[in-house]
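If you want the building blocks of each chain, they are given just below.
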Amino acid sequence: MAKSQSASLERKKFFADPILVSMIVVLVVFLLLFILYPLLMLLIDSFYTEGKVTLDVFKRVLSMKRFRTAFGNTVVLGLITGICSTLIGLLFAYVEEYVKVRTKFLEKLFGVVSMLPVVSPPFVLSLSMIMLFGRSGLITRKILGIYDSNVYGLKGIAIVQIMTFFPVCYMMLKGLLKNIDPSLEEATRDMGASRWKVFTSVTLPLLLPGLGNAFLVTFIESVADFANPMLIGGDYDTLATTIYLQVTGAYDSTGAAAMSVVLLSLTLILFLIQKYYLEKKTATTLTGKASRARMPIEDRSVTVPLTVLCSLAALFVVIMYIMVPFGALFKLWGRDYSLSLKWFQYMFKTSGLKAFRDSIVLSLIAAPLTALLSMIISYLVVKRKFRLKAFIEFVSMLAMAVPGTVLGIGYIRGYANGVFRTGFMQGLYGTGLILILVFIVRSLPTGTRSGISALRQIDPSIEESAYDMGANSARVFLTVTLPLIKDSFLSGLVTAFVRSITAISAVILLVTPQYLLITCQINEQAEKGNYGVACAYATVLILITYSMVMIMNAIIRVFGTSRTIRED
Amino acid sequence: MAKEKKGVRLEHISKIYQDPKTKKEFYAVQDTTLDIEPGTFVTLLGPSGCGKTTTLRMIAGFESPDEGEIYLGGEPINALTPNKRDTAMVFQSYALLPHYNVFDNVAYGLKLRKVPKETIKEKVTAILKLVELEGMESRMTNQLSGGQQQRVALARALVLEPGVLLFDEPLSNLDAKLRVTMRTEIRKIQQAVGITAVYVTHDQSEAMSISDKIIIMSKGKVEQIGSPQEVYYHPNSRFVADFIGEANFLDAKVESVSGENADIVVAGQRLTVRNHTHIPAGKEAVLVLRPEACGLGKEGLLDCEVTLSTFMGSYQYYHALVGNKTVQITDYNPVNKTIYKAGDKVKLNFDPNGVYIL
């Protein structure tokens, strides 16, 4: 049997569609140039010096005590954050899906908690942590009267990271719990198992791959996190901060490249386990929808403690975020708690306006490009068959496993002297365009993932019918696919904007004095100890991102297609 | 109405698939040659997995054949993409564009062909009248019933006046009653328009009621091609006899052959039947009996014993043991007939010219 004829016919049909072909070419070039090439440069830098392949750079880096400590620190931090975030996420998800929550207030609280990390810059919690529990912290000094409180170090980073990442686990596990058929649990209950036994013998085993999945995702996030360890790490250096300091402090970018390779290998291995092992396992154990709604647990001995526990945790998170605007409004944190607008005035008088303008403009350019690109990738991956498909899918997902710091170093090594140090495309380095590219690459995986899952729900014959009636690929994409995933496109647009405007880890390495970015300003001010100004920036930033999300929700409510299409 | 009725010819078409689990390749369609005359209604009929949908999708261009060539109106079309082929398909799930209303759905293909606006309006109005959806132009498709969605899907394909109209199990999502109404209607419209139609179904009564010609497929191969009467009365294989309608199979041995007739022995009893498949003397064969062609009585051709007798309303349903084989019998309009009961030893009756051996 030979499939040669169909293969050659498919090829002919494929090349009969020039728009499709050129689209794929552009995409492949983009992915090669802006994701794979910078990473390749890191490898070249760390294994290739003065014309020969050597391990010298690695030997040098490994002999640095600072690096070895940072590696250990990173792994310990990742484990703590991963485990704790998963457990707290599980608690929240379980309470939401299984326990009868009586109050509207609690429901709202859960909603807010899951939303906050999405709209806030990744490191504002560090700010409020310092302001609440630091040396001149509101709680430690003012209320408890502790004068030598030290919030910096592992403890501080871990708490902040857990609070930032557990909502992600909560959302992931909630979706999984929803898919467990309640009749499985009812059947075991019926056979005489206690609630605890049902949880340990049915729910937990079914959820295990999902828990592993959530753990790895947070582990990767924690390891890749740059801003929190930077702000609250003190002398607890992680790989991300060490790499940053290696470039900005020691001016040793080959050393930083080698360190980046180590960090990248770590996240990449975890990512591959997560993507190709656990994700499949989750899908096979939990397929299909629950046949009917679950009877919530009403037993007070279960509901009361769980609800109280969750409410306290949620309230704590909310208070942490509320601290940010107050940090900006108080005259002098730790000494004078009277309200004033002086930090805001100071912010706008110095570089505030320019920072907001630059951040917003760059993000506004990056967001639609990201959204469109991720929708095109999803369309190609889900709906078309061609040889480079697996490559496109893999590379655009790979970007998820690349820590921002690593990407930043890759861009420095890859573009500071042009592509392969030939001077080609050298003009890119130091411009706004390279920042936009980084924004796009950093948000592409999220957008693509949501686009793929949206497209998988669309009956393939709908697009086939358009194709059959005479539309070419571009036509099908524009008149059928895109309108049907309008919601996903819109939310991709806003997510990309929010992610771009709150990004820091990669851009802090690439930004030039020509551009000021809000996040870099916050970092700079916080490092100097000007928490009032930092909080003022953070407050305005949260307001911007929050209102963007609100606008998007309103647009989807009014113009969204899904509602009219999907209700049968 | 169709611009030009086109015939479809498949020449030694094969399609190879790979089993996703075992990675083994197999023929989804194997060496199939078909000739579909312009203007006829042809049905591809077979159980699921027999290759009928794959064949249809190869004609539409969604799949590419691994061997052979497909011709549409005499032109080879293997290398053409679906959007360049003069075919229009009605999908199993209707595949209406959910973000368009009825009018825009039907007009979609015409707009792509840059037909002037007024002409589009005329054509769409005319076609919606044909499928009895006048006045529904501005409805969204999710506001329509299953039957109405089906009509939109049909209108949308018809309005393009394609050389051949393809149907992929279009009625399988409708309830039983509507299915019967819609199939009559599809046939009526096809004849009014005079278009070539290729129709895929696994429902044999649907295939019989709608087609000029039925192509019965099994395991990727064509089993038989013929008019509904031909495949029902003269199936050329046990598979076809079993698949189309109900059939009893009795092992038989051909004793002697004389002209069109043969003497056979069934369960130790001798009888003479027609031998249109020309089985030579001395060969093993099967006697095929349709349940409705059989009756029970004091007189008859084969001895049997009733083992089950059930009143079904329009007929009496029997099981009767002939030798060691159970034969099903449906005796229609039983009101004034003798009803036998289990244990009765009677005779099995049928018209020896109306049955056949394989």
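Calculation criteria
Residues numbered from 1 in each chain as written. Chains lettered and ligands numbered in written order. Predicted model: local features only at pLDDT ≥ 70, side-chain atom pairs only at ≥ 80, totals over all residues. Heavy atoms only, no water. Core = buried A, V, L, I, M, F, W, Y, C linked by side-chain atoms within 4.5 Å. Buried < 20%, exposed > 50% of the residue type's maximum accessible area, 1.4 Å probe, protein only. Helix = DSSP H or I, 4+ residues; strand = E, 2+ residues; numbered from the N terminus. Contact = heavy atoms within 4.5 Å. Disulfide = S-S within 2.5 Å. Pairing = 2+ DSSP bridges. Phe/Tyr/Trp six-rings, centres within 6.5 Å; stacked < 30°, edge-to-face > 60°. Lys NZ or Arg CZ within 6 Å of the ring centre and 35° of its normal. Salt bridge = Lys/Arg side-chain N within 4 Å of Asp/Glu carboxyl O. Domains from an automatic or database assignment. Buried area = accessible area lost by both parts, 1.4 Å probe. Polar contact = N/O pair within 3.5 Å; in protein donor to acceptor, adjacent residues only side chain to side chain. pLDDT = per-residue confidence, 0-100. Axes fitted to C-alpha atoms, helices over the stretch in contact; angles between N-to-C directions. Nonpolar A, V, L, I, M, F, W, Y, C, P; charged D, E, K, R; others polar.

Visitor: Would you mind showing me how to read the nonpolar core here?
Guide: Most often, soluble globular proteins keep nonpolar side chains buried together rather than apart. Formed by 258 residues in total, the largest nonpolar core has its most connected members in A:Phe30, A:Tyr411, A:Ile522, B:Tyr108, B:Leu128 and B:Leu154. The element contributing the most residues to this core is helix α15 (residues 342-383) of chain A, with 15 residues. B:Leu128 has contacts with B:Val102, B:Val106, B:Leu133, B:Glu134, B:Glu137 and B:Ala155, leaving out every residue within four places of it along the chain. Counting 28 residues, the second-largest nonpolar core is a separate cluster that includes B:Cys294, B:Leu296, B:Val327 and B:Phe350.

Visitor: I'm lost on the state of the cysteines in this one. Help?
Guide: Working definition: the covalent bond between the sulfur atoms of two cysteines is a disulfide. Across all of its chains, the model carries zero disulfides over all chains by this definition. A disulfide-free cysteine, A:Cys310 has its sulfur positioned 14 Å from the sulfur of A:Cys169, the nearest such atom. The buried category is assigned to A:Cys310, whose relative accessible area is 0%. The thiol sulfur of B:Cys294 is not disulfide-bonded, and the nearest other cysteine sulfur, from B:Cys304, lies at 9.4 Å.

Visitor: Looking at this structure, I do not really get the sheet that holds strand β14 (residues 284-289) of chain B. What am I missing?
Guide: Strand pairing within a sheet occurs via backbone hydrogen bonds; the two strands may be parallel or antiparallel. Residue and element names in this part refer to chain B. Strand order across the open sheet formed by five strands is β13-β12-β11-β14-β20, with antiparallel pairing between neighbours. Looking at the sheet topology across the chains shown, the edges are occupied by β13 (269-274) and β20 (356-357). Relative to β13, strand β12 (residues 261-266) runs antiparallel, the two being bridged by six bridges. Counterpart to Asn 261 in the pairing with β13 is Arg 274.

Visitor: What's the story with the packing of aromatic side chains in this structure? I'm lost.
Guide: The geometry of an aromatic ring pair is captured by two quantities: the separation of the ring centres and the angle between the planes. Residue and element names in this part refer to chain A. A full pass over the atoms with the stated rule returns 31 aromatic pairs over all chains. Pairing Phe 110 with Tyr 170 gives two aromatic rings, centres 5.9 Å apart and planes at 85°, and the pair type is edge-to-face. Within this pair, whereas Phe 110 is found in helix α5 (residues 104-119), its partner Tyr 170 is found in helix α8 (residues 154-179), the two being separated by 60 residues in sequence. No difference in accessibility class separates Phe 110 from Tyr 170, as the two residues are buried. Within the aromatic cluster, the residues linked to one another by ring pairs are Phe 30, Phe 34, Tyr 37, Tyr 411 and Tyr 415. If you follow Lys 275 out to its NZ or CZ, it ends over the ring of Tyr 276, 5.9 Å from the centre. One residue, Lys 342, lies across the ring of Trp 343, its end atom 4.6 Å from the ring centre.

Visitor: Please clarify how the pattern of salt bridges should be interpreted in this entry.
Guide: In the structure shown here, the tally under the stated rule is 24 salt bridges over all chains. Salt-bridge contacts for B:Glu255 lead to B:Arg270; the nearest nitrogen and oxygen are separated by 2.7 Å. With B:Glu255 in strand β11 (residues 248-258) and B:Arg270 in strand β13, this pair connects stretches of sequence that are 15 residues apart. Given a relative accessible area of 36%, B:Glu255 falls into the partly exposed group. Residue classification places B:Arg270 among the exposed positions, given a relative accessible area of 56%. For B:Lys337, the salt bridge identified is with B:Asp331, shortest N-O distance 2.8 Å. Judged by its relative accessible area of 38%, B:Lys337 is partly exposed. Linked by salt bridges that have partners in common, A:Lys354, A:Arg357 and A:Asp358 make up one network.

Visitor: Hey, could you run me through the domain arrangement of chain B in this one?
Guide: Interface size is commonly expressed as the accessible surface area that is lost when the partners come together. Residue and element names in this part refer to chain B. You can read the domains of chain B as domain 1 (8-240) and domain 2 (246-357). On a C-alpha basis, the centres of domain 1 and domain 2 stand 39 Å from each other. Across the domain 1/domain 2 interface, buried area totals approximately 650 Å², and carbon plus sulfur atoms make up 52% of it. By the criterion of area lost to domain 2, the three top residues of domain 1 are Tyr 232, Pro 235 and Arg 238, representing 72% of everything that side buries. Joining domain 1 to domain 2, the criterion identifies zero salt bridges.

Visitor: What is the right way to look at the domain arrangement of chain A in this model?
Guide: Residue and element names in this part refer to chain A. Splitting chain A by domain gives domain 1 (18-54 + 342-563) and domain 2 (66-340). Of note, the centres of domain 1 and domain 2, computed from C-alpha atoms alone, are 24 Å apart. The interface is formed by 44 residues belonging to domain 1 together with 45 residues belonging to domain 2. For the pairing of domain 1 and domain 2, the buried interface totals around 3,700 Å² over both sides, and the portion due to carbon and sulfur atoms is 79%. There are zero salt bridges connecting domain 1 and domain 2. Counting across the domain 1 and domain 2 interface gives five residue pairs in polar contact (both at pLDDT 80 or more).

Visitor: What is the right way to look at the confidence of the model for chain B in this model?
Guide: Atomic detail in the predicted coordinates should be set aside for any region of low pLDDT. In this model, chain B carries a mean pLDDT of 90, and residues with pLDDT of at least 70 account for 99%. When the elements of chain B are averaged for pLDDT, β20(B) gives the smallest value, 84, and strand β3 (residues 41-45) of chain B the largest, 96.

Visitor: What is the right way to look at the pairing of strand β10 (residues 221-226) of chain B in this model?
Guide: Every regular strand shows the same layout, with side chains that alternate between the two sheet faces. All names here are of chain B. With five bridges joining them, strand β9 (residues 213-218) and β10 adopt antiparallel strand pairing. Looking at the pairing, Ile 216 lines up with Gln 224 of β10. Connecting β9 to the antiparallel partner β10 that follows it, the hairpin turn spans two residues, and Lys 219 within it adopts a positive phi of roughly 50°.

Visitor: Looking at this model, I keep getting lost on the sheet that holds strand β19 (residues 345-349) of chain B. Mind explaining?
Guide: All names here are of chain B. Ordered by their spatial adjacency, five strands build an open sheet running β15-β19-β16-β17-β18, and the pairing between neighbours is antiparallel. The open sheet is flanked by β15 (295-297) and β18 (325-332), the only strands paired with a single partner. Put simply, the sheet's adjacent strands are angled 45° from each other on average, direction ignored. By the bridge criterion, eight bridges tie strand β17 (residues 315-322) to β18 in an arrangement that is antiparallel. From the neighbouring strand, Gln 316 faces β18, where its bridge partner is Asp 331.

Visitor: When you look at the interface of chain B and chain A in this model, what are you seeing that I'm missing?
Guide: Counting from both sides, the interface comprises 42 residues of chain B and, opposite them, 31 residues of chain A. Of the roughly 3,200 Å² buried where chain B meets chain A, counting both sides, 56% is carbon and sulfur surface. A per-residue breakdown of the area chain B buries against chain A is headed by B:Asn83, B:His99 and B:Tyr108, which together make up 17% of the total. Inspection of the chain B/chain A interface yields one salt bridge. The closest approach of N and O atoms between A:Glu464 and B:Arg57, which form a salt bridge, is 2.6 Å. In this assembly, chain B and chain A are joined by 19 residue pairs in polar contact (both at pLDDT 80 or more). The set of elements that each furnish at least two residues to the side of chain B that touches chain A consists of β1 (8-18), β2 (25-36), α1 (52-60), β4 (67-72), β6 (87-90) and α2 (102-112) of chain B. Among the elements that line the side of chain B that touches chain A, the one with the most residues is α2(B), at four residues. For the side of chain B that touches chain A, the residue count by class is 21 nonpolar, 12 polar and nine charged.

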